[in-house]
Amino acid sequence: MAGEKFEQAKAQAMKGYLDPGPKHLNCAQAVLRCGLGVLDEDPALIANAGFLGGGMARMGQVCGALSGAAVLLGLRERLLVERGEKPVVTTFDWLQELVRAFEAEFGAVTCHDLLGCDISTAEGFRKAKRSKATKRCPEFVEWTCDRLGELFEQQDVVAEA
């Protein structure tokens, strides 16, 4: 997943994430978009992550970047199975590794803890925006995309017997 293809996919994902207008992608969609670009899958599949941003419908649960990664890894596993391949390291193990590394890097995995505020209400969300609590979110998205790139680069697949 490294190289020019990954860098282009990541750039497209970050562009969509940082877009303040109608083409804005939430954190989960941006991570999913990055992986879809590398997997040469339909970018319209990002709609499947539409309600995962902000810790699932802005409820402050697991960071949307991690949720987007889970959707991406599940999709990748399905694609491998369809091709008669399987990952050497299970997707389940990959996702656990990713979540642990995210927590080690940022000190938490929930939006509530990462942002230090409750974004589940309209007022709480506005307060988070005004206080710039969400200014670290692009870092979470970019970090997650980079880790997925590393994981995919390391990952070998074998043909199923």
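Below is a short write-up of the structure.

Here is what the cut-offs are and how they apply
- Residues numbered from 1 in each chain as written.
- Predicted model: local features only at pLDDT ≥ 70, side-chain atom pairs only at ≥ 80, totals over all residues.
- Heavy atoms only, no water.
- Disulfide = S-S within 2.5 Å.
- Buried < 20%, exposed > 50% of the residue type's maximum accessible area, 1.4 Å probe, protein only.
- 1 Å grid on protein atoms, 1.4 Å probe; cavity = no way out; pocket = protein on both sides within 12 Å on 5 of 7 lines; lining within 4 Å.
- Points joined across faces, edges and corners; volume = space filled by probe spheres on them.
- Helix = DSSP H or I, 4+ residues; strand = E, 2+ residues; numbered from the N terminus.
- Nonpolar A, V, L, I, M, F, W, Y, C, P; charged D, E, K, R; others polar.

## Digging into the state of the cysteines
Then, number 1: Within the structure shown, the criterion is met by 0 disulfides.
Then, number 2: Cysteine Cys34 remains unbridged, with the sulfur of Cys145 as its closest cysteine sulfur at 3.7 Å.
Then, number 3: Of the residues examined, Cys34 reaches a relative accessible area of 1% and is grouped as buried.
Then, number 4: You can see Cys111 has no disulfide; the closest cysteine sulfur is in Cys63, sitting 4.8 Å from it.
Then, number 5: Judged by its relative accessible area of 7%, Cys111 falls in the buried class.

## Overview of the layout of surface pockets
Then, number 1: Reported here for the largest pocket is a volume of approximately 540 Å³.
Then, number 2: Looking at the lining of the largest pocket, the elements that each hand over two or more residues are helix H1 (3-18), helix H5 (111-115), helix H6 (122-131) and helix H7 (137-154).
Then, number 3: When the residues that make up the lining of the largest pocket are grouped by side-chain class, the tally is 12 nonpolar, 6 polar and 5 charged.
Then, number 4: For the second largest pocket, the calculated volume is near 160 Å³.
Then, number 5: In this structure, the second largest pocket is lined by Gln12, Lys15, Gly16, Asp19, Lys23, Leu25, Arg33 and Ile46.
Then, number 6: Sort the elements by how many residues they give to the lining of the second largest pocket and H1 lands first, with 3 residues.
Then, number 7: When its residues are assigned to classes, the lining of the second largest pocket shows 2 nonpolar, 2 polar and 4 charged.

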